[in-house]
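# Survey of secondary and tertiary structure
The chain contents come next:
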Amino acid sequence: MIIKALFIIAVITLSLLGYTAYLDRNLDVIEAAKISLTIKAIPVPNQQLAARTTEITEAPSLHWRGGIKISSPHKRFGGLSGLEVSSDGRSLLAVGDKGLWFTGRLNYDLNGNLLSLTNGVLSTMRGPQGQNLIRKKDRDSESIALADNGAIYVSFERDHRILEYSAPLTSTTGSISLPREFTDIASNNRGVEALTWLAGDCLLAIPERTTIATSTQENVIEAYLWHENSWDSLYLEANNNYLPTGLSSTPQGDLLLLEREFSFLGGFKTSLRFFPASEIQTALSMPSYVMRGDILATFEGAQSIDNMEGISSRIGANGETLVYLLSDDNLSFAQDTLLLMFELQKQRKPAGQSTAGCSKNKTAYSAALETKAF
């Protein structure tokens, strides 16, 4: 009886995989199609405040500001990975595993807490020659970053690359070749998962992969900093078995790194790490320096947390720093698309006053982080 049941389960599983693969080969080209959305409020996640790992005095605390579960009857909705939220908090931009843009309007209650998402739009991404991205190897977009000039950079895996778009739902205007150090060891499904724009006109890219060892320390994640058409390396201390999935630069010049761990027994676990602008500058000045950051919180074992991959931050109406986390449901009925909002409390520096990004020993200001709009 047990063998028969296992056989039936295996047949069903293979059938579902085959059907998914069939759909994957026959993607519709979507030209800025409005889609209906179903929104459901979710409870506060099971947040565990982690013990401080460093003596970073600038590290803020995390405060819940609302969350929603998003679903749609449209067959192409889901699989969202990269996230940007406009500076006024009203517009959401995301990219997904199937080479689609997703935009929507965010709504809040009278206390400024996240309430709903409306006006959802899906559109097929285009490649360097203006072609629709419909081949599986071409369209696995993972992360986005908004530059000072309004350009949007999108990282892809499988065919590892970073494309530049002048605006959402447009054709590409350029591309950035990844460093040889990355492409030589990149696996098919372990590409640049975390991408953000830093003050001083540079792009920080962190791959989702196992750690490397340096001459002074083991278990180090190698990140890549693109500036003036060349790549440099930065190093981050590994966070146990967590792998990077999302990255955001706050208007204060600090970094927020979203990390994920998965096991079949324990499911998904999420960690949010904070790197102050002062530590970033130290890493820029000392090539062998390994940034440690500070773990703000971990999330596990709750219905309101899932496969978190997207992250964005902005300044709220009262000067507070707001952080958004987005989950990738892998287009699976067993997972959800969640959008969570938190407030970073006890931020001490006003926007635009921190040293960060590619500027060494001076203050750098990023207009993109103050005026994010799309």
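For the structure, check the block above.
I will try to describe carefully the structure that is included in this document. These figures come from a predicted structure and were not determined experimentally.

### A look at the pattern of salt bridges
Where charged atoms from two side chains of opposite charge approach closely, those side chains can pair. As enumerated under the stated definition, the model contains nine salt bridges in all. Note that glutamate 31 and arginine 126 form a salt bridge whose closest N and O atoms lie 2.9 Å from each other. Of this pair, glutamate 31 sits in the loop between helix H1 (2-25) and strand E1 (33-35) while arginine 126 sits in the loop between strand E8 (114-124) and strand E9 (141-146), and the two are 95 residues apart along the sequence. The partner of arginine 161 in a salt bridge is aspartate 159, and the shortest N-O contact between them spans 3.7 Å. Through salt bridges with shared partners, a single ionic network connects Arg65, Glu320 and Glu343.

### A few points about the environment of alanine 223
The residue alanine 223 is located in strand E15 (residues 220-227) in this model. The buried category is assigned to alanine 223, whose relative accessible area is 0%. Discounting residues that sit within four places of it in the chain, alanine 223 has contacts with Leu204, Ala205, Ile206, Asp232, Ser233, Leu234 and Leu236.

### A short note on the sheet that holds strand E16 (residues 230-237)
Taking strand neighbours across the sheet as the criterion, the five strands line up as E13-E14-E15-E16-E20 in an open arrangement whose pairing is mixed. Strands at the two margins of the open sheet, each flanked by one partner only, are strand E13 (192-198) and strand E20 (290-291). Here E16 runs beside E20; their pairing, made up of two bridges, is parallel. From the neighbouring strand, tyrosine 235 faces E20, where its bridge partner is valine 290.

### Examining the packing of aromatic side chains
Per the counting criterion, the structure on display carries eight aromatic pairs. Seen from their ring centres, phenylalanine 77 and phenylalanine 102 are 5.3 Å apart, and the 70° between their planes marks the pair as edge-to-face. A residue pair is termed long-range when its members are at least 10 positions apart, and phenylalanine 77 in the loop between strand E4 (61-71) and strand E5 (80-85) and phenylalanine 102 in strand E7 (residues 100-108) qualify at 25 residues. Ring centres 6.4 Å apart and planes at 50° place the aromatic pair tyrosine 153 and tryptophan 226 in the tilted group. Note that tyrosine 153 is positioned in strand E10 (residues 152-156) and tryptophan 226 in strand E15, a separation of 73 residues in sequence. Take tyrosine 153 and tryptophan 226: they sit in the same class, and that class is buried. Cluster of aromatic residues (ring-pair linked, three or more members): Trp64, Phe299 and Phe342. Taking NZ or CZ as reference, arginine 161 lies 4.1 Å from the ring centre of phenylalanine 156, over its face.

Conventions used here
- Residues numbered from 1 in each chain as written.
- Predicted model: local features only at pLDDT ≥ 70, side-chain atom pairs only at ≥ 80, totals over all residues.
- Heavy atoms only, no water.
- Salt bridge = Lys/Arg side-chain N within 4 Å of Asp/Glu carboxyl O.
- Helix = DSSP H or I, 4+ residues; strand = E, 2+ residues; numbered from the N terminus.
- Buried < 20%, exposed > 50% of the residue type's maximum accessible area, 1.4 Å probe, protein only.
- Contact = heavy atoms within 4.5 Å.
- Pairing = 2+ DSSP bridges.
- Phe/Tyr/Trp six-rings, centres within 6.5 Å; stacked < 30°, edge-to-face > 60°.
- Lys NZ or Arg CZ within 6 Å of the ring centre and 35° of its normal.

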